[in-house]
Amino acid sequence: MTKIGKDLALAKQLLQSGQLVAIPTETVYGLAANGLDAEAVARIFEAKNRPSFNPLILHVADVAQAKALTSDFPPKAQLLADTFWPGPLTIVLPRHASVPDIVTGGLDTVALRVPAHSLTLELLRSLPFPLAAPSANPSGYISPTQPLHVAEQLEDKVAYILDGGSSSVGVESTIVMVKDDEVYLLRQGGHQ
Ligand code: AMP
Ligand code: MG
């Protein structure tokens, strides 16, 4: 069975070498890879059997890291980020050229979020790249909220499962898009 533990150094090392690590967030567990490494991100789609046109959310440590992944971060995005991050709100913004096509499904926008989970925030702060992470389950299955559920669903498709206990929200994040100074609700998600 896949190794489950709280070893941040191991998680970091695996992610830096392009492998998949399951990470705890307050919404659900994510199946994470280096979000700037197209080959590593491709492993997420393969492991989940996820259609390639379904874009991924990039998880970042703070607003500054989010900004660097966009070509425009308008005042309304700043207000939303200042109000709701870290937390279960994903913001879709014009993407920076450094974001690989495979992350965005070829769209000219990118989805960004700072998750509210202390262990994952510590991991994100230690990494020089964002983490692309959809829920850590095969496509079409229930999103996991505990490390054991990830292990049961993904087995050897994930190199390591970072144990951060049970996800407190238990459902996916709310997604909004900020465009032309308007905010559009794309998905209504969970809250604390
Ligand atoms: P999840 O499957 O919970 O990881 O959420 C990913 C979802 O975020 C996708 O299925 C899309 O609905 C949404 N998403 C990600 N990137 C974008 C984007 N650039 N534009 C619009 N929606 C996006
Ligand atoms: Mg999902």
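Since the structure is predicted, the reported quantities are computational estimates derived from the model, not experimental observations.

## With respect to the pattern of salt bridges
Item 1. Enumeration according to the criterion identifies three salt bridges in this entry.
Item 2. Between Lys76 and Asp181 there is a salt bridge whose closest N-O contact spans 3.9 Å. With Lys76 in helix 4 (residues 75-84) and Asp181 in the loop between strand 9 (174-179) and strand 10 (182-187), this pair connects stretches of sequence that are 105 residues apart.
Item 3. Looking at Lys76, the relative accessible area reads 34%, which means it is partly exposed.
Item 4. Between Asp101 and Arg95 there is a salt bridge, with the nearest N and O atoms lying 2.5 Å from each other.

## Structural notes on the sheet that holds strand 6 (residues 109-113)
Item 1. Sheet architecture is open: 10 strands sit in the order 1-8-2-3-7-4-6-5-9-10, paired in mixed fashion. Since the sheet does not close on itself, it has two edges, and those belong to strand 1 (4-5) and strand 10, each with one partner.
Item 2. Relative to strand 9, strand 5 (residues 89-94) runs parallel, the two sharing four bridges. Counted as the bridge partner of Thr90 is Ile175 from strand 9.
Item 3. Contacting strand 3 (30-34) and strand 7 (131-132), helix 2 (residues 38-48) runs over the sheet at an angle of about 155° to strand 3.
Item 4. Helix 4 contacts strand 5, strand 9 and strand 10 of the sheet and is inclined by roughly 160° relative to strand 5.

Cut-off values and rules
Residues numbered from 1 in each chain as written. Chains lettered and ligands numbered in written order. Predicted model: local features only at pLDDT ≥ 70, side-chain atom pairs only at ≥ 80, totals over all residues. Heavy atoms only, no water. Salt bridge = Lys/Arg side-chain N within 4 Å of Asp/Glu carboxyl O. Helix = DSSP H or I, 4+ residues; strand = E, 2+ residues; numbered from the N terminus. Buried < 20%, exposed > 50% of the residue type's maximum accessible area, 1.4 Å probe, protein only. Pairing = 2+ DSSP bridges. Contact = heavy atoms within 4.5 Å. Axes fitted to C-alpha atoms, helices over the stretch in contact; angles between N-to-C directions.

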